[in-house]
Structure formats: structure tokens, C-alpha cells
Protein chains: 2
Amino acid sequence: MPALLPEIDLDARDCQSCPIRHRAVCARCEADELEHLEQIKYYRTYEAGQPVVWAGDKLDFVASVVSGVATLSQTMEDGRTQMVGLLLPSDFLGRPGRSTASYDVTAVSNVTLCCFRRKPFEEMIRSTPHVAQRLLEMTLDELDAAREWMLVLGRKTAREKIASLLAIIARREALLNLDPGRSVTRMELPLTRESMADYLGLTIETVSRQISALRRDGVIVLEGKRTVQIPDFDRLLNETGDDMDGGVLI
Amino acid sequence: MPALLPEIDLDARDCQSCPIRHRAVCARCEADELEHLEQIKYYRTYEAGQPVVWAGDKLDFVASVVSGVATLSQTMEDGRTQMVGLLLPSDFLGRPGRSTASYDVTAVSNVTLCCFRRKPFEEMIRSTPHVAQRLLEMTLDELDAAREWMLVLGRKTAREKIASLLAIIARREALLNLDPGRSVTRMELPLTRESMADYLGLTIETVSRQISALRRDGVIVLEGKRTVQIPDFDRLLNETGDDMDGGVLI
DNA sequence: GGCATGCTTTGATCCAAATCAATGCTGTAG
DNA sequence: CTACAGCATTGATTTGGATCAAAGCATGCC
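Criteria and thresholds
Residues numbered from 1 in each chain as written. Chains lettered and ligands numbered in written order. Predicted model: local features only at pLDDT ≥ 70, side-chain atom pairs only at ≥ 80, totals over all residues. Heavy atoms only, no water. Helix = DSSP H or I, 4+ residues; strand = E, 2+ residues; numbered from the N terminus. Contact = heavy atoms within 4.5 Å. Disulfide = S-S within 2.5 Å. Near = heavy atom within 4 Å. Polar contact = N/O pair within 3.5 Å; in protein donor to acceptor, adjacent residues only side chain to side chain. Nonpolar A, V, L, I, M, F, W, Y, C, P; charged D, E, K, R; others polar. Core = buried A, V, L, I, M, F, W, Y, C linked by side-chain atoms within 4.5 Å. Buried < 20%, exposed > 50% of the residue type's maximum accessible area, 1.4 Å probe, protein only. Least-squares fit on C-alpha atoms with pLDDT ≥ 70 in both. Phe/Tyr/Trp six-rings, centres within 6.5 Å; stacked < 30°, edge-to-face > 60°. Axes fitted to C-alpha atoms, helices over the stretch in contact; angles between N-to-C directions. Parallel < 35°, antiparallel > 145°, perpendicular 65-115°, else oblique. Left-handed = near helix turned anticlockwise from the far one by under 90°. Buried area = accessible area lost by both parts, 1.4 Å probe. Salt bridge = Lys/Arg side-chain N within 4 Å of Asp/Glu carboxyl O. Pairing = 2+ DSSP bridges.

Looking only at helices and strands, one finds seven helices and 11 strands in chain A. Within chain A, contacts between residues at least 6 apart in sequence are counted, and of these 72% link residues at least 24 apart.

Quick look at the structure:
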């Protein structure tokens, strides 16, 4: 079945009505700066499961994720792979100053990117402080997230890893939906078991077993394989091994 | 014994003769910008083993490491700790826009920092594109390093982890010494076994065993506990599990 | 319907690294 | 000199997660 593609109208190129206008790399731009960005931008869409780019390939744009979920991952020669980033709406893809992709990028759901041609975008970083500042801020946030993840990968048990992943997805979901609370009670997992395993440095069997265990213990309630209910968010946080009240720096 | 502290003269505050002048956050500054930086900078030194700051504490400066080695680490309530960064000379410490430390920072050797008062430095980021650009570049490099490390933590065996750590230290050492080749054959480990374990997500026993194994197999030669000779750098790279010719991006 | 195909779950077994436990080495203090 | 403190090494045993293996369960196709 051909995926029912973009939910947003690709011809509605008006940044003003863009769902990520105030969180993406363009967040700080003034009207005139936005106009400049509009001139170098174009949209691309990818179907769920499709590769966006492979590590080492030429990538002559940078982009904001408008909708959908993509993953960044690294693969060793023998096939072991580790996911190193999860790109949700408003996240930035690509590295200014580098013309090839550093990681494999895969669309895990249908994805819409707002792409900027690399050269003019790099020029804009030099000329438009609002873009450079926002990009620095976003990069620092990603660095914090990567370091938080290093703790997960290096020191947490399988059960804590699963709980941490669910907590992170729930938090980001809540943020996107502009939920008032810190969490949602029901969410759709954007990842397959295999992606979860690659993110957590586990095998799919272990992921499956630990999810079953959390379900048995009443920490989560499954509705089908992809939808998760979290009856008590604090209970879940407790399972992550983190301080109850912190976890995410910010 | 009171440590024989700074090797550089703290009164020689001239940026022009600074050993990290062309690699630190100030690398791109023009003479006049450097003068501005000089006005907001001061030096601090820490003895080996001393904490620089604890996570959550107030930190009203950002800084460049001038000499020595410091670590960034996170600790869980039950004591499990994970190192999330290694600060070598020219590396940047602190996050503009944040007034508290996100991680525990510890001097593992005698360390000299070139500190900038936070407020004026933040102002400079806004007013001096050369500083903001360099900081963005350095942050992107750190993000790449953190992601490379995620692969190490999530997917590599203990032996591969040790080899990866040695390779990274050797590479950075070579860079600092401006060695022509890609590697040095002899180096001083800046870390104790415990720090290595915290970096690699292992126990000290496993670190010790794997180092012994690499020695037995002739991959490394130990001179005392802290000095390592690498007779064949490609052999070591082979043990990391990475592509022989890549490993580090860029 | 019947039958692949692709995910997911569950069970049995194995093994790499953790844990528990000495012992060794080096430098400092008495 | 001995004693002690603080790493580091090595050995014995345990264990959490990997691996190997077999179903289970949708979904789509013939």
C-alpha cells in the first residue's frame, strides 16, 4: 500500500504557519530573516522505513524535521549497530561545514523535512546571528542528550534502559503536544523492537522480555504492540534509576 | 608533597604566546577581539585529584583547559558513575546560558584553566561572531565524539573498549604534540584504572584483565602502570573493531 | 481460505563481564 | 626497618543479557 504521505500541505510554504516555527533552527528569526530562509528551503518527504542518507554519502542540504521520526545510527563492519540519535519534529539534521553524512539516517515513520541548501545556509550562519545562536543552543541540547544517553548505555540495566527510553519518549511527546503536565499517559511508540534494541545497546529478545516484565509488574499497559499506557509516571521514573525529579537536564 | 603546580607562568597573560591560542574557543579571534577576551579572563589551577565543580553547583565562569586533564562524569544515586567527557588542553568547559554545572568535573592531573566570567562571555558570544562560530564548531566536534562513544559503550566488547580508549588517547596526544604521524608510539595514560572503567562502562577488574590480555598478545607494551608503548598502531586500531582507516570522523 | 513474510514473544542454554576475594606492588609515615 | 594506604592484578564464582531455537500473531497475497 502506498503510504498516505504528508499530513501537512507541502505547498503551504509559509513559515508563519509552520508547526515547528518556534522550536526549530529558525525559532529566533525575525520576519525578514525568515524570508531569506524561505528562499533557500524546500520540502522532502520519506516513507516509513526508507533511508534518508547513508553515512559517508554526499548530503548537500541540512534540514529541520517537520513531522515524523527519523533515526541516526552507526554500523560496524560486522553488522553491530548503535543508534546515536532520534530525530523528532523540530530537530536539526546535518552538520554545517561538512558535505557528507556522518551517520546513517533512516525514516522510521513517514517524515517531512524542511531542507536548506547547504552553501547558502552556511552563509546564513555567518550573516545571521539568530540562526547561529539557535543552532548553538540546539547543538548544546543534543550534546547534553547524548551524554545523558552515555550513562544509560554504560551503566544501566536492561530494565532501567527500557524505562529510560519510555520516559524520554513520553517527555518529548508531552513537549510536542504542548501538554501542560510533564507526561502523557498514553503514547504511540515510534520505534520497532529492533530500533529500540539498537538505541539501548540490547538485543530484541531482551527488549521484548523487559517490556513484558514491566507489563507484568503493572508499570506499563500495552494496547497492541505499539501503544503504551503509563498509569503512574513517577513509578516509571523510579524504574529508570535516575533521580525522581531530574533525569533530563534543562 | 605539595604538587609542583603550574608549568606555565600565570602572569604571562599574553594570549599571543598561549599554547592553546590556535585551537581553543579563541582560535578565530582577531587581535582586538583577543584583547577583549583578555579583559574578562583569569587563570585558575587545580591539583591532581581535586574536584573543579560538582553537578548542580553554581559555576559562574566558562573556561578553556590550558594544560592538564579533567573529566566530566555523572553519578547515579547508588554510586554507579559514567564518565561522559574527557577535557584535554584546548577543550571548553561550561555551557553559556547555564549558571550551574551539569556534570561533576574533576582534575585528574594538575590542571590550569583559562576562565572567562560567564556574563561578559555570553555577551561576547552575541557580539563576536568569531567566538560563537568557533564554539559551535567545537560543540559539534564534541557531539560527534559523544556519539562515537555511544557506539563504544553500547556495542563493543571489553577488549574493543580498551583498545578504543587507547587509540583515542594516542590520537589526541599526537594532535597536541603536533606529531606529523597519526599516532605516538609511547604515551602516558592520564587516567587511573578506575577512571578508565568509568569511561568505558566496565569494572576496574575487567579493565585490568583486558589490559593484561592486550599486553600478553603484544598489542601494547607497559612500562610501569601508566606508560604505554604501542609498537604497531594499525594492530591496535584493528582491535578496536572500527574500520581501520576511519574510526574518528574527520 | 491457505500460505508466506515480517515482526514479536517466550523458552533453553551459554558466556562475557560482574562480583566476591585474595594478593601484589609502591610509596609514605612512623 | 615495619606498617599502612592506595592502586592494580589475578583467581574463583555468579549472573544478566546474548545466543540459539521455536512458536505466536498479524497482514497481505495468491
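Next up on the list: the state of the cysteines. Two cysteines form a disulfide when their sulfur atoms are joined by a covalent bond. Considering all chains together, one arrives at zero disulfides over all chains under this definition. Unpaired in terms of disulfides, A:C114 finds its nearest cysteine sulfur in A:C15, a separation of 6.2 Å.

Turning our attention to the protein's contact with DNA strand C. With respect to spatial proximity, 16 residues lie near DNA strand C, and among them A:R193, A:S208, A:S212, B:A158 and B:T206 are the closest. The contact atoms of DNA strand C, taken as those within 4 Å of the protein, divide so that sugar and phosphate hold 66%. Between A:S208 and DNA strand C, the recorded distance is 2.8 Å, taken from a side-chain N or O atom to a phosphate oxygen. The contact in question runs from a base nitrogen of DNA strand C to an N or O atom on the side chain of B:E205, over 3.1 Å. No other element matches the four residues that helix α6 (residues 204-216) of chain A contributes to the surface near DNA strand C. Looking at the surface near DNA strand C residue by residue, the classes come out as two nonpolar, seven polar and seven charged.

Time to look at the protein's contact with DNA strand D. Lining the immediate environment of DNA strand D, one finds 17 residues, of which A:A158, A:T206, B:R193, B:R209 and B:S212 sit closest. Backbone atoms, meaning sugar and phosphate, form 68% of the atoms of DNA strand D found within 4 Å of the protein. In the model, a phosphate oxygen of DNA strand D is placed 3.1 Å from a nitrogen or oxygen of the A:T203 side chain. Note that a base oxygen of DNA strand D is positioned 2.8 Å from one of the side-chain N or O atoms of A:R209. Elements with a contribution of two residues or more to the surface near DNA strand D: α6 of chain A together with α5 (193-200) and α6 (204-216) of chain B. Element by element, the count of residues in the surface near DNA strand D is highest for α6(B), at four residues. Looking at the surface near DNA strand D residue by residue, the class counts come to three nonpolar, seven polar and seven charged.

Within the largest apolar cluster, 112 residues are counted, with the highest numbers of intra-cluster contacts made by A:L113, A:W149, B:L113 and B:W149. If we skip the residues at most four places from it in the chain, A:L113 touches A:Y42, A:Y43, A:R44, A:Y46, A:V52, A:F61, A:A63, A:S64, A:V65, A:V66 and A:L93. Counting 50 residues, the second largest nonpolar core, distinct from the first, contains A:F121, A:L136, A:M138 and B:M138.

Our focus in this paragraph is the relation of the copies chain B and chain A. Note on the identical chains: chain B maps onto chain A by a rotation of 180° and an axial translation of 0.0 Å, with an RMSD of 0.0 Å. Taken together, the rotation and translation relating the two chain copies correspond to the operation of a two-fold axis.

Next up on the list: the packing of aromatic side chains. All chains considered together, the criterion is met by eight aromatic pairs over all chains. For the ring pair B:F116 and B:F121, a centre distance of 5.4 Å and an interplane angle of 25° mean the geometry is stacked. Assigned by exposure class, B:F116 and B:F121 land together as buried. Both rings, one in B:W149 and one in B:Y199, keep their centres 4.4 Å apart while their planes meet at 20°; by these two values the pair is stacked. Here B:W149, found in helix α3 (residues 129-155), pairs with B:Y199, found in helix α5; they are 50 residues apart in sequence, far enough to count as distant. The exposure classification of B:W149 matches that of B:Y199, with both residues buried. Feature note: the residues A:F92, A:F116 and A:F121 constitute an aromatic cluster, connected by ring pairs.

Bringing the environment of B:T45 into the picture now. If you trace the backbone, B:T45 turns up in strand β1 (residues 41-46). Between the alpha carbons of B:T45 and B:S67 there is a distance of 9.4 Å; along the sequence they are 22 residues apart.

The next point concerns the packing of helix α1 (residues 31-40) of chain B against helix α2 (residues 118-127) of chain B. All names here are of chain B. Between α1 and α2, the least distance of the axes is 9 Å, while the angle of their chain directions is 160°. Put simply, α1 runs roughly antiparallel to α2. Read as a crossing pair, α1 and α2 show a hand that is right-handed. Across from E33, H36, L37 and I40 in α1, the residues of α2 making contact are P120, F121 and M124. Here the contact of α1 with α2 is built from residues that sort into five nonpolar, one polar and one charged.

What follows deals with the environment of B:V25. Counting through the fold element by element, B:V25 comes out in the segment before α1. Along the sequence, B:V25 and B:L135 sit 110 residues apart, while their C-alpha atoms lie 5.7 Å from each other.

This paragraph deals with the interface of chain B and chain A. Listed by partner, the interface residues are 46 residues for chain B and 47 residues for chain A. Both sides together, the interface formed by chain B and chain A hides about 4,400 Å², and carbon and sulfur atoms give 56% of it. For the interface between chain B and chain A, the tally reads 12 salt bridges. Among the salt bridges present, the one from B:D198 reaches A:R155, with a minimum N-O distance of 3.3 Å. Seen at the junction of chain B and chain A, the total is 26 residue pairs in polar contact (both at pLDDT 80 or more). Top element by residues in the side of chain B that touches chain A is α3(B). It accounts for 19 residues. Its residues placed into classes, the side of chain B that touches chain A shows 19 nonpolar, 10 polar and 17 charged.

Two strands in a sheet stick together by hydrogen bonds in their backbones, pointing the same way (parallel) or opposite ways (antiparallel). All names here are of chain A. Read across the sheet, four strands follow the order β1-β8-β3-β6 without closing on themselves; strand pairing throughout is antiparallel. Edge positions in the open sheet fall to β1 (41-46) and β6 (92-93), since each of these has one partner strand only. Strand direction decides the pairing type here: β1 and strand β8 (residues 111-117), joined by six bridges, are antiparallel. Bridging from a neighbouring strand, Y43 pairs with C114 of β8.

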